[in-house]
Amino acid sequence: MTAMIIDGKEFAARVRAKVAGHVTRLKDQHGVTPGLAVVLVGEDPASQVYVRSKGKMTVEVGMKSVEHKLEADTSEAELLDLIARLNNDPEIHGILVQLPLPKHLDEDLVINSISPAKDVDGFHISNVGLLGTGQKSMVPCTPLGCLMMLRDHHGSLSGMDAVVIGRSNIVGKPMAQLLLGDSCTVTIAHSRTKDLADVVRRADIVVAAVGRPEMVPGDWIKEGATVIDVGINRLDAPEKGEGKTRLVGDVDYDSCAARAGAITPVPGGVGPMTIACLLANTVTACCRANGLDEPEGLTA
Ligand code: GUN
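Residues numbered from 1 in each chain as written. Predicted model: local features only at pLDDT ≥ 70, side-chain atom pairs only at ≥ 80, totals over all residues. Heavy atoms only, no water.

**What about the overall build of the protein chain?**
Inclusion rule: The helix and strand labels rest on DSSP assignments: H or I over at least four residues marks a helix, E over at least two residues marks a strand, and numbering proceeds from the N terminus. As a reference, a globule follows 2.2 Å times the number of residues to the power 0.38, and the radius of gyration itself is taken over C-alpha atoms. Here, Shrake-Rupley sampling with a 1.4 Å probe gives the accessible areas, and only protein chains in the shown set may cover a residue.
When helices and strands are counted, the protein chain shows 10 helices and 11 strands. Here the C-alpha atoms of the protein chain give a radius of gyration of 19 Å, agreeing with the 19 Å that 2.2 N^0.38 yields for 300 residues. Considering only C-alpha atoms, the protein chain reaches an extent of 50 × 45 × 35 Å along its principal axes. Only carbon and sulfur atoms are counted for the fraction: they give 51% of the accessible area of the protein chain, which is about 13,900 Å².

**Some points on the packing of aromatic side chains**
Our working rule: Note on aromatic contacts: the rings of Phe and Tyr and the six-membered ring of Trp form a pair at centre separations within 6.5 Å, being stacked when their planes are under 30 degrees apart, edge-to-face when over 60 apart, and tilted otherwise. For a Lys NZ or an Arg CZ to count as sitting over a ring, it must be within 6 Å of the ring centre and within 35 degrees of the ring normal.
As enumerated under the stated definition, the model contains 0 aromatic pairs in all. A cation sits over an aromatic face here: Arg-14 above Phe-11, 4.8 Å from the ring centre.

**Let's talk about the pattern of salt bridges**
Inclusion rule: For this analysis, a salt bridge means a side-chain nitrogen from Lys or Arg found within 4 Å of a carboxyl oxygen belonging to Asp or Glu. Here the term buried applies to any residue with accessible area under 20% of the maximum for its type, exposed to any over 50%, and partly exposed to those in between, with areas from a 1.4 Å probe on protein chains only.
By the definition in use, this model includes 12 salt bridges. Lys-69 is the salt-bridge partner of Glu-67, the closest N and O atoms lying 3.6 Å from each other. Judged by its relative accessible area of 59%, Lys-69 is exposed. Lys-136 is paired through a salt bridge with Glu-294; the nearest N and O atoms lie 3.5 Å apart. Of the two residues, Lys-136 is situated in the loop between helix H5 (125-132) and helix H6 (141-154) and Glu-294 in the segment after helix H10 (271-289); the sequence distance between them amounts to 158 residues. Residue classification places Lys-136 among the exposed positions, given a relative accessible area of 59%. What emerges from the salt-bridge pattern is a single network uniting Lys-136, Arg-288 and Glu-294.

**Details of the nonpolar core**
What counts here: Remark: nonpolar core denotes a set of buried residues (Ala, Val, Leu, Ile, Met, Phe, Trp, Tyr, Cys) joined through side-chain atoms within 4.5 Å.
Core analysis: the biggest nonpolar cluster contains 56 residues, and Val-19 and Leu-179 have the highest contact counts within it. Going through the elements one at a time, helix H1 (8-30), strand E2 (35-41), helix H2 (45-60), H6, strand E5 (161-165), helix H7 (172-181), strand E7 (205-208) and H10 are the ones with two or more residues in this core. It is H10 that contributes the most residues to this core, 11 residues altogether. Counting residues in hydrophobic clusters, the runner-up holds 22 residues, among them Val-163, Ala-208, Trp-220 and Val-227.

**Brief notes about the side chain of Asn-127**
Rules: Polar contact is defined as a pair of N or O atoms within 3.5 Å, subject to the rule that within protein one atom must be able to donate a hydrogen and the other to accept it, and that residues adjacent in sequence are counted only when both atoms are side-chain atoms. Pairs of residues are marked as contacts when any of their non-hydrogen atoms sit within 4.5 Å.
For Asn-127, the location among the structural elements is in helix H5. Within the structure, the side chain of Asn-127 is placed 3.1 Å from the backbone oxygen of Pro-116, a separation counted as a polar contact. Separated by 3.1 Å, the side chain of Asn-127 and the backbone nitrogen of Met-138 make a polar contact. Other than its neighbours up to four places away in sequence, Asn-127 contacts Pro-116, Asp-119, Gly-122, Ser-137 and Met-138.

Below, the structure is given as structure tokens:
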């Protein structure tokens, strides 16, 4: 079997277009503009790239974008003070504190100081608990993007065997909760899992989110399974020239694509969906804050 390629770039553009439509409606009919504040502490180069891209796309869909760039040695009190001001700002509906934070800052404390209603990352302990108990919450962006692509491809996921490889708070655990919410039989595999190959071979859906380049070979994939590759790993690519690099996922693309029914590529798969879902979450948060019906299809 040769897999159908799930085009995340195209899908994300569709989600952003839908978000832009809702932003127009919110402005024209209700006089509110959804606002997203992004807080970056320090100068991590990868984080700077993400933040720039988030800001650009926020503006493109018609939302208000606010960026707070703080020095790497910002104190916890200063950061908490900024978050408190954003929590109380009626023009801000979503707050994202870019991770990782510099070592001297307590990430859990900072994340849990964000108002849960404005926590568009879905990392606040209240949102984690709401998602885990099947209640309305803010849903973490990357797993939400994966869920949207799976639903789009399969329609119903009910009764499917799903394996999530990776148990991070940002992707693995919320992904498993979302799949469970859609009535999959879910296994969470990780570095200590015995017979990982056997576990993966049983799965109709494989979500790889471990951060290890090309660790899932094609012969682990059941014929016709759907493979969602969350990994973004940069490898040296001397064949492309000196100092050149290439991006690969957590699955070995060619061998997995030869057996899967559908697969997300890297780049151009899950990656573009993360920011699209951040914008979707901001619209959802804005609707909830204003007592308006939230758009269909933009959240779990
Ligand atoms: N750093 C890398 N990915 C993310 C994300 O999804 N949210 C936040 N806040 N920081 C990140």
